[in-house]
Amino acid sequence: MSTSDAARPLIDIRQVSKTYITGTFKVEALKEVSLQVRAGEFVSLVGPSGSGKSTLLHIMGFLDRPDSGEYFFAGHPTAKLGEGRLAAIRSRMVGFIFQSFHLLKRTTARDNVLLPMVYTGLGTDSPKALECLRLVGLADRVKHKSNELSGGQCQRVAIARSLVNDPLVIMADEPTGNLDAASRQEVMEVIRDLNSKGLTVIIVTHDNEVSEMTDRVVRMKDGVIVSDEVRRPSATSAAARSELPPARLGFSPSEFSEQLKVAFKAIWSHKMRSALTVLGIFIGVGAIISLMTISEGFMKSLLSAASEEDAKKVWVTPRWQHGKPRRRFTLNEVEALRARVPLAEKITPSLNRNLEISAGDKRVESTVNSREGYDPAEQKAKRDYFENRKVEGRFFTRGENLNRARVAVINKALAKKLFDSGEALNAEIRIKGITFAVIGVADNHKAEDIFGGQPTAYIPLTTASKRVFGSQRLDYLEVTAPSPDEAQEARRQIITVLREERGIREDAEEDFEVKTFETQIEMFKSTMGKISAVVYGIAGISLLVGGIGIMNIMLVSVTERTREIGLRKALGARNSDILSQFLIEAVVLCVIGGILGVGLGFGLAWAAYFFTKVPPTLGVGTIAFALGFSTFIGVGFGFWPALRAAMLDPIEALRYE
Ligand code: ADP
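Residues numbered from 1 in each chain as written. Predicted model: local features only at pLDDT ≥ 70, side-chain atom pairs only at ≥ 80, totals over all residues. Heavy atoms only, no water.

A. How the structure looks around the site of the ligand. The full set close to the ligand counts 13 residues, and Gly-50, Gly-52, Lys-53, Ser-54 and Thr-55 are the nearest of them. At 3.0 Å from an oxygen atom of the ligand is found a main-chain nitrogen or oxygen belonging to Lys-53. Relative to its unbound accessible area of 560 Å², the ligand is 72% covered by the protein chains. Secondary-structure elements contributing two or more residues to the shell around the ligand are strand S1 (11-22), strand S2 (25-37) and helix H2 (53-60). Per-element accounting of the shell around the ligand gives the leading share, 3 residues, to H2. Broken down by class, the residue content of the shell around the ligand amounts to 4 nonpolar, 7 polar and 2 charged. (Near = heavy atom within 4 Å. Polar contact = N/O pair within 3.5 Å; in protein donor to acceptor, adjacent residues only side chain to side chain. Areas by Shrake-Rupley, 256 points an atom, 1.4 Å probe, with all protein chains shown as cover. Helix = DSSP H or I, 4+ residues; strand = E, 2+ residues; numbered from the N terminus. Nonpolar A, V, L, I, M, F, W, Y, C, P; charged D, E, K, R; others polar.)

So this is what it looks like as C-alpha cells:
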C-alpha cells in the first residue's frame, strides 16, 4: 500500500452546501462545510438542534446528496454515482444506527441482523449474524423478537445489524437519544469497543457525556463547523479499501425469498383486510373458471356423445315463427328427396309431438316420436342398437309400421317416470287413450342425457299419423349421408331439392332449416359465446373492482410501512428492490384470490353438475389462465403503489410518523 493511500482520508467533504426550501421558506442546513475523517477515527458531531448535524451525516452516509461541493469517499468522487451504486455503498460500506432503532416489528433479533445481507446480493449468513449479536453481548437473545427486548437491547441489535456486512464506517444518529443512563453507557461501551478494534465511527449527538467518550468532537452551529477538537489521538488504522462496490444487478434467491416472506407476513398480519381485498378477484376468477369448466364439460360431452353415425346425419326441420313451425314436410317431399338426393343414403321421416303418456295412474308429459321402423335384419346388423343407442328388447319393424301396430319403444327417462324401478318391457302404456305395448327400452340420447333425459316414446310413423296425431305432416327428417365428409354436400343437395319442390324463389329465404352435426356444434358455440360475453362482462367488472381494491390496500400498506421502506433503503435496498417487494405482495394477494377463485369456480361447476349432468373438467390450462390472470392484475394494479414506495426519499421515509 502506498503512502498516499495511507494518508488518504476515508471521508473527504469539501465545501458542501445543502438548502431546504419549504414553501417560501429557505433553510441553509449546510453552508460550504468541509470535513475530513480518517479511517479508525471516533468522531462526534455536536451542536444545538437544527445546526445541520443530521444533514451532514446523511450526506456522508449517501442517504442524501449535497446541492454543491464535493464528497470523496475512500478516495473516489461520488457526485456522479447512480442510485444503484449508492445503494451498494450503503449496503457494503456504511452501517447505520438510528435514535429509534428501526428494528423490523415482530421479527427476531437474528432476522433483524440478517436483513442487510439480503441487499448485498451475496446471500445471508446466519453464523455471521450470530457472531455480531455475540459481539454486542446478545448471544442469549437471538430468538427474541424486537418487542421482547429492552431499549438498550434493541439498540444493541441495531448495532449488530450495522456490523453484519463489515462496513468501513458506522454512522450513528443520536444512538442514545431514546435510552436511559444505564443503557446509554452500555451502548456507548459497545460502540467504543468497536472503534478500538479499528472501525471508523461518526456519532451525531447533543449529549455531552456521549461526546466526551469520543476522540474527536466536531461542533456545528447554523450549518457551519465552529470547532474541531481532537481530544485523544485515534489509533488510525490502515487506509480504506479503495474500490467502491459495483451496483447490484438482478435479484438474488435470498432476496426473493425474503420478499415472499415479507409479503406473506404482511398479508397474514392483516387477515381480515386481506380477505376483503381479494374478494373481487375471488368472485371474478370464480365466475370465469365456472363458466370455462362448465362449457368445456359441455363441449367434451357433446363431442364424446357424437359418433361417426352422428356426424353423418343431416337434420331437416321446419323454420319456426312465432312459436310455431312454418311448414312441416309431406311424404311426397320425402319421396322427392329419396329420388333426387344421391347422397341421402337413408331418410327417416319423423312425427313428433309433446303428449301426455300414462301407465296405471301415472301420467308423464313426454315427447312422442315416430319412425318408419327397421327390418329385423337391419336391427340384427346393428346388434339391437337403435340409432347408436342400446335397446333392451327390440325396435319395431317396417311391417309393424305399415300395419299401424300399437307398439312403442320408450327411453329410460320415460320408463323411470312411469314404472320407477319396475319392469317396463312388455308393459302397457296409453297415448291419447290408445294402448301401446312396450317392446323396447332404449338408452337416453346422450346429448339429451346432459339434462337428465327428456321422456320419450317412439311409435311407428303410420300409427302416429293415422291413429294418434291425425296428421300426415312430418315434423322433421333425419337424413344419413354415406360418410361424415359428405354430410355438408348432402345438406346442399337437400336444400336445392326442397326449394324446387316448394317453389321458393331464388331471392326468398327457405321456410325450413337443414343442419349437420357441424352446424349444431357451431350453434352451440355461438350460444355459449353469448352467455360467455355476459359472464365475462360481470367477471370483468368484479376484477376491475377487485384490482382497485388491491391498489387501495397496497397504497395503505405502503403508507403504513413508510419507515420500514426508509430503513431498507438505508440498509442498501435499491429502488427496484422496494418496487419488486411491493409488486410481489400485490401479486401474492391476487394469486391467493385467484387460487380461491379457481376453487369457487370449480365448486360452482360441480353444483351445476346436479342440473346439467356434465362433470366439469378442470384443465391445467384453466388453472394456468387463472393464475396468469391474477398475476397480471396484481402487477397491473400493484404497480403504482409499488412505484410510490420505490420513489420514497429514504430520509423522509425514516422520519415518517
Ligand atoms: P440537526 O441534526 O443538527 O438537528 P438537521 O440537519 O436535522 O439539524 O437540520 C438542519 C436544518 O435543516 C434545520 O433547520 C431543519 O429544520 C432543516 N431541515 C432538515 N431537513 C429538512 C427537510 N427535509 N425539509 C426542510 N427543512 C429541513
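Next comes the rest of the description.
B. The pairing of strand S24 (residues 512-516), seen in detail. In terms of burial, S24 is largely enclosed, as 4 of its 5 residues are buried. The sheet contact formed by strand S11 (residues 313-318) and S24 spans 5 bridges and is antiparallel. Across the sheet, the residue bridging to Val-314 is Thr-516, located in S24. (Buried < 20%, exposed > 50% of the residue type's maximum accessible area, 1.4 Å probe, protein only. Pairing = 2+ DSSP bridges.)

C. Unusual backbone geometry, seen in detail. Located in the positive-phi region is His-102, a residue other than glycine, with phi close to 55 degrees. On the basis of relative accessible area, His-102 is assigned to the buried category, the value being 8%. Of note in the backbone geometry, His-322 takes a positive phi value of approximately 50 degrees without being a glycine. You can see His-322 is positioned in the loop between strand S12 (320-321) and strand S13 (324-325).

D. Region of interest: the sheet that holds strand S7 (residues 169-173). Across the sheet, 6 strands lie side by side as S6-S7-S8-S3-S9-S10; this open sheet has mixed pairing. Looking at the sheet topology across the chains shown, the edges are occupied by strand S6 (94-97) and strand S10 (224-230). Strand-to-strand, the axes of this sheet are offset by a mean angle of 15 degrees, without reference to chain direction. Alignment of strand S3 (residues 42-46) against strand S8 (residues 200-204), held across 4 bridges, turns out to be parallel. Of the residues in S8, the one forming a bridge with Phe-42 is Val-201. (Axes fitted to C-alpha atoms, helices over the stretch in contact; angles between N-to-C directions.)

E. Layout of the sheet that holds strand S5 (residues 76-77). Strand order across the open sheet formed by 4 strands is S2-S1-S4-S5, with antiparallel pairing between neighbours. Among the strands making up the open sheet, the edge pair consists of S2 and S5. Where strand S4 (residues 68-73) lies against S5, 2 bridges are found, and the strand directions are antiparallel. Opposite Phe-72, over in S5, you have Pro-77 as the bridge partner.

F. Here's a closer look at helix H3 (residues 83-93). Burial within H3 is extensive, with 8 of its 11 residues counted as buried. Where H3 is concerned, the buried positions are Gly-84, Leu-86, Ala-87, Ala-88, Ile-89, Arg-90, Ser-91 and Met-93. Residues of H3 that are buried sit in contact with S4, S6, helix H4 (109-118), S7 and helix H21 (562-570). (Contact = heavy atoms within 4.5 Å.)

G. Summary view of the nonpolar core. Membership of the largest hydrophobic core comes to 79 residues, with the highest contact counts inside it found for Ile-11, Ile-13, Leu-56, Met-60, Phe-73, Ile-89 and Ile-202. In terms of residues, this core owes the most to one element, helix H22 (residues 575-612), which gives 10 residues. In terms of domain composition, this core takes at least three residues from each of domain 1 (3-93 + 167-249) and domain 2 (261-303 + 522-655). Among all residues touching Ile-11, those that are not within four sequence positions of it are Leu-35, Gln-36, Val-37, Met-60, Tyr-71, Phe-72, Phe-73, Met-171 and Ile-202. (Core = buried A, V, L, I, M, F, W, Y, C linked by side-chain atoms within 4.5 Å. Domains from an automatic or database assignment.)

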